[in-house]
Amino acid sequence: MFDDSSGTVLDEIINARRTYRIFRPGVPPAVHIGGIIQAGLAAPFAAAAVGGKGHEYFRQFFVFPRGSRDLVIAGGLLMQKVHMMAEELEMQMKNNPSLRPKVEPFYCRLEMIRKAGVVPGVETAPYYIVVAERKGYPPVEQQSLAHCLENMWLKATSLNLGFQLVSVTGQMGPDPEFCRLLGIQPDVFELNGCAVGYYQEQLPPSIRPPAELVTRWME
Ligand SMILES: Cc1cc2nc3c(=O)[nH]c(=O)nc-3n(C[C@H](O)[C@H](O)[C@H](O)COP(=O)(O)O)c2cc1C
């Protein structure tokens, strides 16, 4: 059983969770990364979808320290994907101009990344972590990964660490070279990723509407 102070601490952590995009050079200890991964493992998963035995555990984690050889390779492959996505979107907008208003903000974000030459969170933070969830039926792996990443995010927040989603990782599940680097079969897992490190400057809690304003109690 929890006492009232547990709820207060949880609320504090939930409200302090922010997206950090600028990290200090220092490297958090590996034991913190282990704690963050353990929190991810504690997240729910779609038991009916990933049921079945005889495989390795359905959720796997890959930790890339900054400066590592593998991170340089991963960064190059992620950047290639950003280029491909931008080119594809450009083509789609050209062929169907009515798409432009909807797609343009995301296209601009990809263009910004192309110009910067680095995928935010990859090589800009001490750790880039890829999380893999084996595909099942129905295909709910990205939902499962979101639960996992939220747990990791809250745990990182509780350790006073900054955390950033690296959602382009979600495009890499079918990529043969990226999967070869991870040592998994392409198209067998859905992927997502995040960056973790000491944040440069603590951000204030983000502003959200009060619950009453967005809640309708049904009769
Ligand atoms: C599905 C999803 C994908 C996201 N992808 C990225 C990302 O790739 N890079 C990034 O810096 N932030 C990413 N974010 C973070 C959001 O931009 C951020 O949560 C939002 O602006 C609110 O800010 P806060 O997290 O500080 O409260 C993503 C958030 C969600 C929910």
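Provided above is the structure to which this section pertains.
Residues numbered from 1 in each chain as written. Predicted model: local features only at pLDDT ≥ 70, side-chain atom pairs only at ≥ 80, totals over all residues. Heavy atoms only, no water.

Summarising the element assignment, Met85 is placed in helix α3 (residues 69-95). In sequence terms Met85 and Gln171 are 86 residues apart; their C-alpha atoms lie 9.3 Å from each other. In this structure Met85 touches Phe106, Leu110, Val168 and Gln171, once residues within four positions along its chain are discounted. (Helix = DSSP H or I, 4+ residues; strand = E, 2+ residues; numbered from the N terminus. Contact = heavy atoms within 4.5 Å.)

Moving on, we come to the site of the ligand. Taken together, Arg17, Arg18, Thr19, Arg21, Arg109, Trp153, Gln164, Leu165, Val166, Ser167, Ser206 and Arg208 make up the full set of residues adjacent to the ligand. At 2.9 Å from an oxygen atom of the ligand is found a side-chain nitrogen or oxygen belonging to Arg17. Arg21 is positioned such that a nitrogen or oxygen atom in its side chain is 2.7 Å from an oxygen atom of the ligand. Its residues assigned to classes, the shell around the ligand shows 3 nonpolar, 4 polar and 5 charged. (Near = heavy atom within 4 Å. Polar contact = N/O pair within 3.5 Å; in protein donor to acceptor, adjacent residues only side chain to side chain. Nonpolar A, V, L, I, M, F, W, Y, C, P; charged D, E, K, R; others polar.)

As a further point, take the pairing of strand β4 (residues 189-197). Taken across its 9 residues, β4 has 9 buried, putting it largely inside the fold. A two-sided burial pattern is seen for β4, the buried positions comprising Phe189, Leu191, Gly193, Ala195 and Gly197 on one face and Glu190, Asn192, Cys194 and Val196 on the other. Direction of pairing for strand β2 (residues 127-134) relative to β4: antiparallel, over a ladder of 8 bridges. Following the sheet pairing, Val131 is matched in β4 by Asn192. (Buried < 20%, exposed > 50% of the residue type's maximum accessible area, 1.4 Å probe, protein only. Pairing = 2+ DSSP bridges.)

Moving on, we come to the packing of aromatic side chains. Aromatic ring pairs: the centre-centre distance and the angle between the two ring planes describe each pair. In total, this model carries 5 aromatic pairs according to the counting rule given. Seen in terms of ring centroids, Tyr20 and Tyr199 are 4.4 Å apart; in terms of plane orientation they differ by 15°. Their pairing is stacked. Linking Tyr20 in the loop between α1 (4-16) and α2 (30-41) with Tyr199 in the segment after β4, this pair joins segments that are 179 residues apart in sequence. Where Phe45 meets Phe58, the ring centres are 4.6 Å apart and the plane angle is 40°; that geometry is what we call tilted. Of this pair, Phe45 sits in the loop between α2 and β1 (59-65) while Phe58 sits in the loop between α2 and β1, and the two are 13 residues apart along the sequence. On the accessibility criterion, Phe45 (38% relative accessible area) is partly exposed. On the basis of relative accessibility, which here comes to 9%, the residue Phe58 falls in the buried class. Here the aromatic cluster, defined as three or more aromatic residues joined through ring pairs, consists of Phe45, Tyr57 and Phe58. Between Arg17 and the ring centre of Trp153, over which it is positioned, the NZ or CZ distance is 4.4 Å. (Phe/Tyr/Trp six-rings, centres within 6.5 Å; stacked < 30°, edge-to-face > 60°. Lys NZ or Arg CZ within 6 Å of the ring centre and 35° of its normal.)

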